Amino acid sequence: MYVESIFATVFRLFYDLTDLSVLVLVFLDNCDGPLVSNLLQASFERSSQSSISNAPHFAKLNRRDGAGGWSPQVTDRQPWLQLDLRDRMEVTAVATQGRYGGSDWVSGYLLLFSDTGRAWKQYRQEDGRFAGNVNADGVVHHKLSHSIRSRFLRFVPLDWNPSGWVGLRVEVYGCAYKSYVADFDGRSSLLYRFNQKSMSTVKDVISLSFKSRQAEGVLLHGEGQRGDYITLELHRGKLALYLNLGELVTPGSGRVAVTLSSLLDDQHWHSVLIERFNKQVNLTVDTHTQHFRTKGEGDSLEVDYELSFGGIPLPGKPGTFLRKNFHGCIENLYYNGINIIDLAKRRKPQIYSVGNVTFSCSEPQLVSTTFLSSSSSFLSLPATLSASGGFAVRFQFRTWNPDGLLLSTRLALEPQRLELQISNSRLRLTHHMSAQQKEEVSTGHRVNDGLWHSASLSSRGLQVTMTLDNEPSSTMELGDHMEAGDSLYFGGCPSSSSSDSYCENPTLAFQGCMRLFSINSQPMDLNLVHQGRLGDYKELQFDTCGIHDRCLPNFCEHGGQCSQSWSHFYCDCSGTGYTGATCHNSIYEASCEAYRLTGSSSGLFSIDPDGSGPLGPTQVYCNMTENKVWTVVTHNSTDPVRVQGSTLQKPYMMKFNYSASPEQLMALVARSEQCQQEVVYSCRKSRLFNTWDGSPLSWWVDQGGERRTYWGGFLPGVQQCSCSLEENCMDMNYFCNCDADTDSWANDTGVLSYKEHLPVSEIVIGDTNRTGSEALYRIGPLRCYGDKSVWNAASFYQESSYLHFPTLQAELSADISFYFKTSAPSGVFLENVGLKDFIRVELSSPSVVTFSFDVGNRPVDLAVKSHVPLNDRQWHYVRAERSVKEASLQVDQLPLRFLEAPSEGLLRLRLNSQLFVEVSVSFNRESSVTYTFQEPFSVMQNRSFQASSVYRGNSRARENMAFIFMTTQSPAMLLTVSTFSQQYIAVILARNGSLQIWYHLHVDRRPDVFSPRPSSLADGHLHRIRIHREGKDVYLQVSNEYIYKRKYTLSSDAELILIRSLTLGIVVGENVDEEVMQAGSKGFIGCLSSVQFNHMAPLKAALLNRGSSLVSVRGHLVESNCGAPADSTTSHPLSGKCCCCKTQSPLNNISLHDSAVIGGLFLYFILIYCFGVNMKLVPDVTLFHCLSSSLSLPLSLFLSLSSSLSHSLTSQWLSL
């Protein structure tokens, strides 16, 4: 974060250095001006061009020069378009177009940036890539979430129009960028000297950006004589901040650092912002922020004499350093508003320069190459001759993988060869003398730590020597003089069909970055390799190191330790109390009640009140000797305590520390049906209330920190003791026995049972200072019973019933578990949607439960099929979980189904509407609903991003369609899907009422038409249609009084390219066949319900997005119950005491935003439900609880939702 851009494009801060008390705010124009339109031809470069008229300088947005844009050669393996902005600019947005007047456009691309045009870095959005165009002339604009400050930009196409080729026109938006730069050569520093002996501050703001050539180096240091210090340094590629405010550091204790980010030695700019107020500190590196409290006794930072930047010089010895000094560039260095570099550049007396500090950033030519594939990447370089015989090879590498081949070469004496590899995180050299005979030496440890390591091999005489970094060399004896073969293979080996079949990947090819190749003291120019003029390669990315820290941010929950390989991260859950791919699932039960159900008896147990939520487990005592199961939580003062000598001005106070944290106690209390805590209180001449005005002389403090003055029972608004509630006080003129103020002992023991105030966190006693006054108290443990999430249910007496609760906040992880029983063949249990994302659990057929979701990569379906029907009116268990690591589905004791998440791609599940099960809508002849896809898309893209295919399973085209209808009309148009390429799918009723399905996948061929049965479906009954396509295979299911299934084969497995819209009802103006057009012109009269196309729900979209440009409604639509009696519509708002009370129609009674619905608006034939919900969201635990007295209902469901990153639900409650 740069100081002059802290407030983004609104204003920047400048300080008048002649009077630092004057703060000048300079308001700037928005930083969104076009930067490409005025560039000269020389500013455009490309990997290749298909013709002169497709040259890169024709790639300006909205221009029609030449052939209307840039296009590469069709043989270009890695096409790219590069811009030189002529100076470092601040880039805030980009836009793309296809090639004018053609069928060439880019539908997905990467954006790289560089200061030099050589060492590139990828701009990372959540999934790393940018969505491109869907046609040649539309403009797709992307505002960058954080701006780029760079001179060179490179657009790398990933996907393009499958019916055309790559075509690109671009624009970049931003403004000029000014910076103050200093270059430190590793032996220099800047000292900022104070005007007085020391500087003491309670608030500091320090900001800078740096570009480092190494993984170690001090950026900032200052210290004071009383023990204060501040140090900011790079250590192993991470940024470490040491900060202390007056705490004495004992010998051997060391200094504790707060570390953030990693891989900061990548020779690209990184921004740092330190904000401190008293002990509270915010440390921000790029987009990551860590909040912490610093150590020490004081609130001010006292630094003596000076602050140093770039190193820590020894006192009195300028130029010598206690730690390794910084080697690289720093820009825009501000200390509390003071521009340090500007002062140094103007040679102001406050700045003392040590060594050679220059004011322009030198750019080293350390260009990296990324080896992308662990199976097929390799780089082949010729083995140049050495004048002295033998050979010498040097290079640098960095990786996360514990195994991988670094170098392989054939020796002159065949079949001998040398292999240098990473094996079990060590560097190993193997001399293969024959197929059975080999010799090995190893060195180093954890060379897969993501840092750069230097490796070299050299031979002299009969010896070959391996060296790693600065460690001692390892030597191997050879039987003969050594000469390398014709080629050296780095990173991996070619396919076995190659003539050099001697090269074999021992385990995996290398996946990581390499640079600085040298063979026999001759540097290798990889530009020549990229141009095809030297050696050979496969699956490499030149001029960039694509290493990425997958443990930043750390997705391992509950303190799990993150480790990683090149493409995946892993969580070690040891000792956390949690399990699962991301340590999401608690290994402990949520309550003592749950332990009893497992057959446990009384004893100490660890419980996890919020399940997989952020709170950890806590130990309690479970008393199971009574009918009720009691949870007992103790504190630090359970023995009787005698109090004397206290007054209201100097009261006695005792704080209670429980064996659980305040947040855990809140979760436990909220989950319990009832809680209580005994207060034993005896007194002699010690009052609880002032007898004159009734003001309290003693009180206790509740869990929220509020003062409470009642001493028994559950009526918090009444200042009384138990004797008053029981009408047996010793003096009926008082509400408490102690207020009688007698010389003899009195007792006001009571049991507090208003659970929202429990437990007691503190007691205050203020009237024991008179002669003979004293009090004796004991606060018992917190005791709770019952678990409101165990076997609670809500009854749904009509198909239009529902439960309504706020949107499920489950961006990174969520788990859903429930029991159900039903006689219905199918139905949605739970669904929540966003603009594109969704999550759904459903009974998709009598024997199949399906868990579906989409986080933006493409819909994912996990299905578990039972060998017996699940609609057998017996209880069945379902548990679905989704995290950034994997998704899983468990049904009863059937084998667990799971899918690994893609290593690249979108991670966050963004939901913003109510959890809503599909509605029914009545159509008349003129009615239609058209859903226009927000981004026209292909069901399967031409050149899919490598990581996005993990969830797919296969690459065949596929569609899923489902809907329910009822009509007496024929012919009729039920559903039409059309594309920009004139393909379509239509589902119609023919003149005789029979169902027809039309697939028109090729413009130049006749469509495929299937008519599964001649009987009429225009019979006034409900019919459920499911259509699923995989490649050429189409699976049809028609359900009414019985289920009809059929499989058909298409003439083509072509995909739908660029889907435009889906229409229900009347269709006009479409380029379709005559019979389809006749049905379309007649429209549809009747009821449509539960319409789905892949993950889209158009009827739902029509109701939730009235007025949206995505939804077009024609004619009159009426919400319908598809044949149910008119008085059957029932809703069950959560605020009511009863879960089965009649109210108005659900869609007229609820908000359609920021909320969720479970259960209702099901189909007419699904009938009734019994349904229960437990939202385990912390810090508040909201419980939906409604008991059903009948277990013979067709569908009963007990469901529990959990999200580790969700906010509490505080807006709605359902009570018994």
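Residues numbered from 1 in each chain as written. Predicted model: local features only at pLDDT ≥ 70, side-chain atom pairs only at ≥ 80, totals over all residues. Heavy atoms only, no water.

Colleague: Which residues make up the overall build of the protein, and what values go with them?
Modeller: Counting secondary structure elements, the protein contains eight helices and 88 strands. Taking all 1216 residues of the protein together, 57% fall into the buried category. For the protein, the proportion of contacts with a sequence separation of at least 24, taken over those separated by at least 6, is 70%. Of the roughly 50,500 Å² that the protein leaves accessible, carbon and sulfur atoms contribute 49%. (Helix = DSSP H or I, 4+ residues; strand = E, 2+ residues; numbered from the N terminus. Buried < 20%, exposed > 50% of the residue type's maximum accessible area, 1.4 Å probe, protein only. Contact = heavy atoms within 4.5 Å. Areas by Shrake-Rupley, 256 points an atom, 1.4 Å probe, with all protein chains shown as cover.)

Colleague: Can you tell me about the sheet that holds strand β54 (residues 698-701), naming the residues and giving the values?
Modeller: Reading across the sheet, the four strands line up as β52-β58-β54-β55 and stay open at both edges, with antiparallel pairing between neighbours. Of all strands in the sheet, those with a lone pairing partner are β52 (652-655) and β55 (707-708), marking the two edges. Pairing analysis gives four bridges linking β54 to strand β58 (residues 762-765), with the strands arranged antiparallel. By the bridge assignment, Trp 700 is partnered in β58 with Ile 763. (Pairing = 2+ DSSP bridges.)

Colleague: Tell me about helix α4 (residues 662-671), and please be specific about residues and values.
Modeller: Within α4, seven of the ten residues are buried, leaving the element largely enclosed by the surrounding structure. Inspection of α4 places Gln 664, Leu 665, Ala 667, Leu 668, Val 669, Ala 670 and Arg 671 among the buried residues, and these make up the whole buried set.

Colleague: Any details on the packing of aromatic side chains? Residues and values, ideally.
Modeller: All told, the structure shown has 29 aromatic pairs when counted by the stated rule. On the basis of an interplanar angle of 70° and a centroid distance of 5.4 Å, the ring pair of Trp 700 and Tyr 710 is categorised as edge-to-face. Highlighted residues: Trp 700 in strand β54 and Tyr 710 in the loop between β55 and α5 (722-725), separated in sequence by ten residues. When its relative accessible area of 1% is taken as the criterion, Trp 700 is described as buried. In this structure an aromatic cluster arises from ring pairing among Phe 371, Phe 395, Phe 397, Phe 490, Phe 510 and Phe 517. Its end group placed over the ring of Tyr 352, Arg 193 keeps NZ or CZ at 4.7 Å from the ring centre. Seen from the ring of Trp 452, Arg 515 lies directly overhead, with NZ or CZ sitting 3.9 Å from the centre. (Phe/Tyr/Trp six-rings, centres within 6.5 Å; stacked < 30°, edge-to-face > 60°. Lys NZ or Arg CZ within 6 Å of the ring centre and 35° of its normal.)

Colleague: Break down the side chain of Ser 43 for me, citing the residues and quoting the values.
Modeller: Here Ser 43 shows up in the loop between β3 (33-34) and β4 (44-46). Look at Ser 43 and you get buried, because its relative accessible area is 2%. Aside from chain neighbours lying at most four places away, what touches Ser 43 is Gln 82, Leu 83, Asp 84 and Arg 86.

Colleague: So what's going on with the state of the cysteines? Which residues, and what values?
Modeller: Applying the stated criterion across every chain yields a total of twelve disulfides. Shown here is the disulfide that connects Cys 551 with Cys 562, its sulfur atoms set 1.9 Å apart. Between Cys 551 and Cys 562, the disulfide has an S-S torsion of -80° and is therefore left-handed. On the criterion of sequence distance, the pair formed by Cys 551 in the loop between β43 (540-542) and β44 (561-564) and Cys 562 in strand β44 is long-range, its members being eleven residues apart. For Cys 551, a relative accessible area of 15% corresponds to the buried category. With a relative accessible area of 23%, Cys 562 lands in the partly exposed category. Each disulfide pairs two cysteine sulfurs, and for Cys 556 the partner residue is Cys 571, the sulfurs being separated by 2.0 Å. The sign of the -90° torsion about the S-S bond sets the Cys 556-Cys 571 disulfide as left-handed. With Cys 556 in the loop between β43 and β44 and Cys 571 in strand β45 (residues 569-572), this pair connects stretches of sequence that are 15 residues apart. Summarising the burial analysis for this pair, Cys 556 and Cys 571 share the class buried. (Disulfide = S-S within 2.5 Å.)

Colleague: Any details on the pattern of salt bridges? Residues and values, ideally.
Modeller: Opposite charge on two side chains makes pairing possible when the charged atoms of those side chains draw close. Inspection of every chain in the model, using the stated rule, returns 42 salt bridges. Two residues, Arg 63 and Asp 65, come together in a salt bridge whose shortest N-O distance is 3.1 Å. Assessed through its relative accessible area of 35%, Arg 63 is described here as partly exposed. The class of Asp 65 is partly exposed, set by a relative accessible area of 32%. Where Arg 879 meets Glu 881, a salt bridge forms, and the shortest distance between an N and an O atom there is 3.0 Å. The exposure class assigned to Glu 881 is buried, which follows from its relative accessible area of 9%. Connected through shared salt-bridge partners, Arg 88, Asp 115, Lys 211, Glu 331 and Glu 363 make up one network. (Salt bridge = Lys/Arg side-chain N within 4 Å of Asp/Glu carboxyl O.)

Colleague: I'd like a description of the pairing of strand β59 (residues 774-779), backed by residues and values.
Modeller: For strand β51 (residues 641-643) and β59, the ladder comprises three bridges, and the chain directions are antiparallel. The residue bridging Val 641 from the neighbouring strand is Tyr 777, located in β59. One ladder, built from six bridges, connects strand β53 (residues 674-684) with β59; its direction is antiparallel. Its bridge partner lying in β59, Arg 684 is registered against Glu 774.

Colleague: Summarise helix α6 (residues 1074-1082); cite the residues concerned and give the values.
Modeller: Turning to α6, its buried residues number three or more, namely Val 1076, Ala 1079 and Gly 1080. Projected onto a plane normal to the axis of α6, the buried residues spread over an arc of 100° and lie on a single side. On its buried side, α6 packs onto β74 (972-979), β75 (984-989) and β76 (995-1000). Gly 1083 occupies a position one or two residues after α6 and carries a positive phi of about 70°. (Arc of directions from axis to C-beta.)

Colleague: Outline a nonpolar patch on the surface, supporting the account with residue identities and numerical values.
Modeller: Taken together, Leu 715, Val 718 and Leu 725 make up a surface patch of nonpolar side chains, about 210 Å² in accessible area. With respect to the helices and strands, Leu 725 occurs in helix α5. (Patch = residues over 30% accessible without salt bridge, like charges linked within 9 Å, V, L, I, M, F, W, Y side chains within 5 Å.)

Colleague: Outline the environment of Glu 900, listing residues and values.
Modeller: Following the sequence through the fold, Glu 900 ends up in strand β70 (residues 897-900). Residue class for Glu 900 comes out partly exposed when judged on its relative accessible area of 35%. Separated by 16 residues in sequence, Glu 900 and Val 884 have C-alpha atoms that sit 8.8 Å apart. A polar contact is formed between the side chain of Glu 900 and the side chain of His 568, at a distance of 2.9 Å. (Polar contact = N/O pair within 3.5 Å; in protein donor to acceptor, adjacent residues only side chain to side chain.)

Colleague: Account for the pairing of strand β63 (residues 813-821), naming residues and giving values.
Modeller: Extensive coverage of β63 is indicated by the burial of eight of its nine residues. Pairing geometry for β63 and strand β68 (residues 876-883), over eight bridges, is antiparallel. Bridge assignment links Phe 820 to a residue of β68, and that residue is His 876.

Colleague: Tell me what's going on with the confidence of the model for the protein, and back it up with residues and numbers.
Modeller: Confidence in the prediction for the protein averages 80 pLDDT; 80% of positions are at 70 or higher. Residue range residues 316-320 is modelled with pLDDT below 50. Its contacts to residues more than four positions away, or to other chains, number six contacts. Confidence over residues 1123-1216 falls short of pLDDT 50; this stretch has 338 contacts with residues more than four positions distant or in other chains. (pLDDT = per-residue confidence, 0-100.)

Colleague: Tell me what's going on with unusual backbone geometry, and back it up with residues and numbers.
Modeller: Residues other than glycine predominantly adopt negative phi, and peptide bonds predominantly adopt the trans conformation. Note that the residue after Leu 758, namely Pro 759, is joined by a cis bond; omega there is 5°. Relative to the assigned elements, Pro 759 resides in the loop between β57 (750-752) and β58. The linkage connecting Ser 970 with the following residue, Pro 971, adopts the cis geometry, with an omega of -5°. Summarising the element assignment, Pro 971 is placed in the loop between β73 (958-967) and β74. Of note in this structure, Tyr 305 is not a glycine but carries a positive phi near 70°.

Colleague: Give a detailed account of the environment of His 1116, specifying residues and quantitative values.
Modeller: Structurally, His 1116 can be placed in the loop between β83 (1111-1114) and β84 (1118-1120). Distance in space between the C-alpha atoms of His 1116 and Ser 928 is 8.3 Å, their sequence separation being 188 residues. Beyond its immediate sequence surroundings of up to four residues, His 1116 is in contact with Ser 922, Asn 924 and Ser 927.

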